[in-house]
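A look at the structure
Here is what each chain is made of, one letter per residue.
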Amino acid sequence: AQRVTQPEKLLSVFKGAPVELKCNYSYSGSPELFWYVQYSRQRLQLLLRHISRESIKGFTADLNKGETSFHLKKPFAQEEDSAMYYCALTSGGYQKVTFGTGTKLQVIP
Amino acid sequence: DVKVTQSSRYLVKRTGEKVFLECVQDMDHENMFWYRQDPGLGLRLIYFSYDVKMKEKGDIPEGYSVSREKKERFSLILESASTNQTSMYLCASSAGVQPQHFGDGTRLSIL
């Protein structure tokens, strides 16, 4: 069975500090990993996916197959980064997605 | 831009009622999904559909059913609503292996 673990329910950092949101997964095959973000009173939206290897809003995430991790990082947190972040894994032809329990990022001014 | 529209933002129903949540997407996506979102539990998949009239159970299908009569519309049905089904319900759609697009959600309260 596939599983996504986000160990932190809440992560508080000061503006300008580095951010790392942790995500670990378990899956026997070759998964595709995503980060989704939900800002206050907005819909859940895709932030980035590992196959794109791109940086969105200053965030990056590297898939580490050895450690089965896909941590989300940003060198300098901004107040507008405050949101709920979900790590997700997909596999199979119909793109069934398994989400983690989410981490609320709070950036303190 | 992909538009996933859920018919209600807020809904209040009584225990035992039959409840319908509607979702429509405008991008001809073959895949559609229903999740519930609860604090501390994240998003949990209830049902998904990969084609018209096709459906698959997700992780928590008990107490729910779905209908997909047309490609653009995916309905979630609570056969006999119970208080433990009070939650935020999210609909999503996707094409092939592309990422999912979500609706605004329906906050359902069962009294």
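Residues numbered from 1 in each chain as written. Chains lettered and ligands numbered in written order. Predicted model: local features only at pLDDT ≥ 70, side-chain atom pairs only at ≥ 80, totals over all residues. Heavy atoms only, no water.

1. Comments concerning the nonpolar core
All names here are of chain A. Within the largest apolar cluster, 24 residues are counted, with the highest numbers of intra-cluster contacts made by Trp35, Leu47, Leu48, Phe70, Leu72 and Tyr85. Of the residues forming this core, the biggest block, four residues, is contributed by strand S9 (residues 83-91). Ignoring anything within four residues of it in the chain, the contact list for Leu47 reads Trp35, Tyr36, Val37, Ile56, Phe59, Leu72 and Tyr85. (Core = buried A, V, L, I, M, F, W, Y, C linked by side-chain atoms within 4.5 Å. Buried < 20%, exposed > 50% of the residue type's maximum accessible area, 1.4 Å probe, protein only. Helix = DSSP H or I, 4+ residues; strand = E, 2+ residues; numbered from the N terminus. Contact = heavy atoms within 4.5 Å.)

2. Structural notes on the sheet that holds strand S3 (residues 19-21) of chain A
Residues and elements named next belong to chain A. Sheet architecture is open: three strands sit in the order S3-S8-S7, paired in antiparallel fashion. Edge strands, defined here as strands with exactly one partner in the open sheet, are S3 and strand S7 (60-61). The pairing of S3 with strand S8 (residues 72-74) spans three bridges and is classified as antiparallel. Bridge pairing links Val19 to Lys74 in S8. (Pairing = 2+ DSSP bridges.)

3. Some details on the pattern of salt bridges
This model, assessed by the stated rule, comprises 12 salt bridges over all chains. The salt bridge involving B:Asp104 is made with A:Arg43; its shortest N-O contact spans 2.9 Å. Note that B:Asp104 is positioned in the loop between strand S10 (101-102) and strand S11 (106-110) and A:Arg43 in the loop between strand S5 (32-38) and strand S6 (45-49), a pairing that runs across two chains. Three or more residues are tied together by salt bridges with common partners; here these are A:Glu20, A:Lys22 and A:Lys73. (Salt bridge = Lys/Arg side-chain N within 4 Å of Asp/Glu carboxyl O.)

4. Concerning the packing of aromatic side chains
Centre-to-centre distance and the angle between the planes together describe a pair of aromatic rings. What the rule picks out here adds up to 11 aromatic pairs over all chains. Ring pairing ties together the aromatic residues A:Phe34, A:Tyr36, A:Tyr86, A:Phe99, B:Phe33, B:Tyr35, B:Phe48 and B:Phe102, which thus form one cluster. (Phe/Tyr/Trp six-rings, centres within 6.5 Å; stacked < 30°, edge-to-face > 60°.)

5. Focus on the interface of chain A and chain B
Every contact between the two is made by 16 residues of chain A and, on the other side, 24 residues of chain B. Summed over both partners, the interface of chain A with chain B comes to about 1900 Å²; 51% of that surface belongs to carbon and sulfur atoms. Where chain A packs against chain B, one counts five residue pairs in polar contact (both at pLDDT 80 or more). Sorting the residues of the side of chain A that touches chain B by element identifies S5, S6 and strand S10 (96-99) of chain A as the ones contributing at least two each. A total of four residues in the side of chain A that touches chain B trace back to one element, the largest contributor, which is S5(A). (Buried area = accessible area lost by both parts, 1.4 Å probe. Polar contact = N/O pair within 3.5 Å; in protein donor to acceptor, adjacent residues only side chain to side chain.)

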